[in-house]
Amino acid sequence: MTVAIRAIDLVKSYTPGQRALDGVGLEVISGEVLVVMGPSGSGKSTLIRTFNGLETLDSGRLDVLGMRLDASHDQREVRAIRQRVGMVFQQFNLFPHLSILDNITLAPIKVKKMSPSLAEQRAVDLLEQMGIAEQARKYPAQLSGGQQQRVAIARALALDPEVMLFDEPTSALDPERVKEVLDAMRQLAAGGMTMVVVTHELGFAREVADRVMFMDQGKVVETSDPETFFSNAKEERSRRFLRQMM
Ligand code: ADP
């Protein structure tokens, strides 16, 4: 069992006296899907953003794929981590002025110095895997939200990450577009990708998660296997959350 991410006592405040992360500890095992749930404002997004250096820490220690991120890390470590940890956001964040293909090939060419023809071939393969090969020459605005989010996943995968982070990837989508994105994520999980997914999609969590971590007020309330979490959660706070969701 290899640990991909280990977090020890993470603390982060945006405003003095208010802790977005209040002593969070966890481990993500290589190959597992960890789903993070919790009410709005509980610190889920802050937490996974620390995993690739998008948020700094006030204190605590974070090991990501053997690289150290703490309150005093520098940008070199962050760059190294971002090459190995992909992230998908709620608002796709595609480059609007670039074609779908160029969105995907940009980082491999610039960051990994991949040849343009190789990067393009890989992009086409990834778009095929995402079921949207025919969109390659279009621009983001010409695609539906669900298609754009699948491009964002392909773009993250183009750097061959070892870990993928998803921050509410379906929250900005029309309901009828949610399934196609969850299906792409299911496929990725089935292929053995290490994934940390912040989501409110209970069905996905139940079916795909190896473990569910529930947060409230910047703290981890419980971490359970999905069967336990959804039918017999250990903590009353988790059960109250689930009652509100169903
Ligand atoms: P969640 O993802 O569970 O909704 P967040 O991590 O977004 O929670 O937020 C945790 C807490 O930190 C909330 O109180 C939120 O208002 C605050 N917060 C998050 N981002 C910022 C920011 N950029 N500036 C100030 N406060 C923030």
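Up top you'll find the structure we're talking about.
Residues numbered from 1 in each chain as written. Predicted model: local features only at pLDDT ≥ 70, side-chain atom pairs only at ≥ 80, totals over all residues. Heavy atoms only, no water.

J.: Any chance you could break down the sheet that holds strand β8 (residues 194-198) for me, citing the residues and the numbers?
T.: Pairing is mixed across the open sheet formed by six strands, whose spatial order is β6-β7-β8-β3-β9-β10. The open sheet has two edge strands with one neighbour each: β6 (85-88) and β10 (219-224). Direction aside, neighbouring strands of the sheet carry axes that sit 20° apart on average. The sheet contacts of helix α2 (residues 75-84) involve β6 and β7 (163-167), and relative to β6 the element is tilted by about 75°. Together, β6 and β7 form the strand contacts of helix α5 (residues 145-157), whose direction differs from that of β6 by roughly 170°. (Pairing = 2+ DSSP bridges. Helix = DSSP H or I, 4+ residues; strand = E, 2+ residues; numbered from the N terminus. Axes fitted to C-alpha atoms, helices over the stretch in contact; angles between N-to-C directions. Contact = heavy atoms within 4.5 Å.)

J.: Could you give an account of the sheet that holds strand β5 (residues 67-70), with specific residues and numbers?
T.: Pairing within the open sheet is antiparallel, and its four strands lie in the order β2-β1-β4-β5. Bordering the open sheet on either side are β2 (18-29) and β5, each of which pairs with just one other strand. Averaged over neighbouring strand pairs, the angle between their axes works out to 20° when direction is ignored. Two elements, strand β1 (residues 3-15) and strand β4 (residues 59-64), share five bridges in a ladder whose sense is antiparallel. Paired with Ala7 across the bridge in β4 is Leu62. The strands touched by α2 are β4 and β5; relative to β5, the strand with the most contacts, the crossing angle is about 120°.

J.: Can you explain the pairing of β10? Please cite residues and give values.
T.: The pairing of strand β9 (residues 211-216) with β10 spans five bridges and is classified as antiparallel. By the bridge assignment, Val212 is partnered in β10 with Ser224. Here β9 folds back onto β10 in antiparallel fashion, the turn holding two residues, of which Gln217 has a positive phi close to 50°.

J.: Which residues make up the side chain of Ser224, and what values go with them?
T.: Relative to the assigned elements, Ser224 resides in strand β10. At 3.3 Å, the side chain of Ser224 forms a polar contact with the side chain of Lys234. Apart from residues lying up to four places away in sequence, Ser224 is in contact with Arg211, Val212, Phe229 and Lys234. (Polar contact = N/O pair within 3.5 Å; in protein donor to acceptor, adjacent residues only side chain to side chain.)

J.: Just give me the short version of the packing of aromatic side chains, but keep the residues and values in it.
T.: All told, the structure shown has three aromatic pairs when counted by the stated rule. Where Phe229 meets Phe230, the ring centres are 5.2 Å apart and the plane angle is 85°; that geometry is what we call edge-to-face. With relative accessibility at 0%, the residue Phe229 sits in the buried group. Connected via pairs of aromatic rings, a cluster forms that spans Phe214, Phe229, Phe230 and Phe241. A cation over an aromatic ring shows up here: Arg155 above the ring of Phe95, its NZ or CZ 5.1 Å from the ring centre. (Phe/Tyr/Trp six-rings, centres within 6.5 Å; stacked < 30°, edge-to-face > 60°. Buried < 20%, exposed > 50% of the residue type's maximum accessible area, 1.4 Å probe, protein only. Lys NZ or Arg CZ within 6 Å of the ring centre and 35° of its normal.)

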